Amino acid sequence: MAGIWDQLVDAICRPPRDVYNPAELLGGNSHAFMVGNMEASRIDYELKNNAGQQIMVSHYLPMNAHTRDDKLPVVVYCHCNSGSRRDAEEAVWHLLPCGVGVVALDFTGSGLSDGKWVTLGAREVDDQAVVVHHLRTQGGVSSIALWGRSMGAVTALLYSARDPDIAGMVLDSPFSRLTDLMLEIVVSQRLPIPKVMLKLALKLMRASVKRKAGADISTVAPLDVVGCSLIPAMFGHGREDSFIGMHHTEKLHEAYNSSGAYPVYKNIVRFDGDHNHVPYVRHPHGCYEFAQYTYLLLCSSLSVKPCKPHHHYHAAGLGQKAAGWTHV
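Residues numbered from 1 in each chain as written. Predicted model: local features only at pLDDT ≥ 70, side-chain atom pairs only at ≥ 80, totals over all residues. Heavy atoms only, no water.

## Some remarks on helix α3 (residues 124–138)
Here is the rule we go by: Counting from the N terminus, the helices are the DSSP runs of H or I reaching at least four residues and the strands are the DSSP runs of E reaching at least two. To estimate how far a helix should extend, the number of its residues minus one is multiplied by 1.5 Å. Relative accessible area decides the class of each residue, using a 1.4 Å probe on protein chains only: under 20% of the type maximum gives buried, over 50% gives exposed, and in between gives partly exposed. Note on definitions: a residue-residue contact is assigned when non-hydrogen atoms from the two residues lie within 4.5 Å.
End to end, α3 covers 21 Å across 15 residues, agreeing with the expected 21 Å (1.5 Å per residue, within 8%). Within α3, burial applies to Glu124, Val125, Asp127, Gln128, Val130, Val131, Val132 and Leu135. At its buried positions, α3 is contacted by β2 (38–48), β3 (54–62), β4 (72–78), β5 (101–106), β6 (141–149) and α4 (151–160).

Below, the structure written as structure tokens:
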């Protein structure tokens, strides 16, 4: 039985890794590119987390953008378990024209960063903390919002419990508790396991993750920390998502700010598509409502004027680099 759990754990914690050449990032080797008629640039740098692992980061900036204090707001994009900083391209095209920078990182265990294992938020939240701390201390950033997809949305929620100064969050297809999701995966595989044995199955999976990745899956439970949140948040989930059921996001949305000191804006949009469909890539033929609310929330929380986005991007590869793979 332990061998079965190891295979399931690998499916979650070691999905196909998005290994790429940095020249494939927006701006290529020159680090310069155009968004419509606006000049933009990419700055790459490396940070280290508390474990001494390198985190690869890209900061996309509009050129010649001027503010009163020479500081720009930024959105930190948090990718899914088989993603990388390449997934932030959509955010770049939409937000840079509004005078908002975009910061994208490869979580450790993903992309070109150090690390072997993905931990679905357990350790990614510490990488997030390193990046946000750097942005606040390097002096060129005014306010910070988060945009996460699946694992990245979970990471954003976990991090927001530590940092109430985050301006706003977009949360696409998160799960409510990792232990609940893993039990649902076991059931969906239709393995010959009696219901009374499911708790033992979860115990074996938890031990396997701990042994391989050094992370405790029981700590990845955003549902337990969102009640007191005071950060404006936009939730979204696909109606046909059979991997992370919509009930996960619905539970999170209901619990969010439920015991907060004062009410804050929160919304949920249910869009057509399964877990591997990215709604803002399919815009405008997919979920116009979710895309619209995403950009309005980010612009509002960062105190910038919404503008018409530029669609000069190749959408086919976004979120689909590992064909047939389910992104968490």
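Having put the structure on the table, let's press on.
## Thoughts on the pairing of β5
Both faces of the sheet carry side chains from a regular strand, because those side chains alternate between them. Quick reminder of the rule: A pair of strands is considered paired only if DSSP assigns at least 2 bridges between the two.
Counted residue by residue, β5 has six buried out of six residues, so it is predominantly covered. Burial of the side chains of β5 extends over both faces: Gly101, Val103 and Leu105 are buried on one face and Val102, Ala104 and Asp106 on the other. Pairing of β3 with β5, which is carried by five bridges, proceeds in the antiparallel orientation. Along β5, the bridge assignment pairs His59 with Val103. With four bridges joining them, β4 and β5 adopt parallel strand pairing.

## Here we look at helix α9 (residues 288–301)
An α-helical turn contains 3.6 residues, so a residue and the one three or four places further along point in the same direction. Taking 1.5 Å per residue as the helical rise, α9 with its 14 residues ought to reach 20 Å, and the 20 Å between its terminal C-alpha atoms agrees with that figure. Where α9 is concerned, the buried positions are Phe290, Ala291, Thr294, Tyr295, Leu297, Leu298, Cys299 and Ser301. At the exit of α9 stands Ser303, carrying a positive phi of roughly 60 degrees.

## A look at the nonpolar core
Basically, it comes down to this: Residues belong to a common nonpolar core when they are buried Ala, Val, Leu, Ile, Met, Phe, Trp, Tyr or Cys residues joined through side-chain atoms within 4.5 Å.
Counting 60 residues, the largest nonpolar core has Leu135, Ile144, Met169 and Tyr256 as its most contacted members. With seven residues, α4 is the single largest residue contributor to this core. Excluding residues within four positions of it along the chain, Leu135 makes contact with Tyr45, His59, Val74, Val76, Val103, Val141 and Ile144. By size, the runner-up hydrophobic cluster in this structure holds 35 residues, among which are Val35, Trp147, Phe271 and Leu298.

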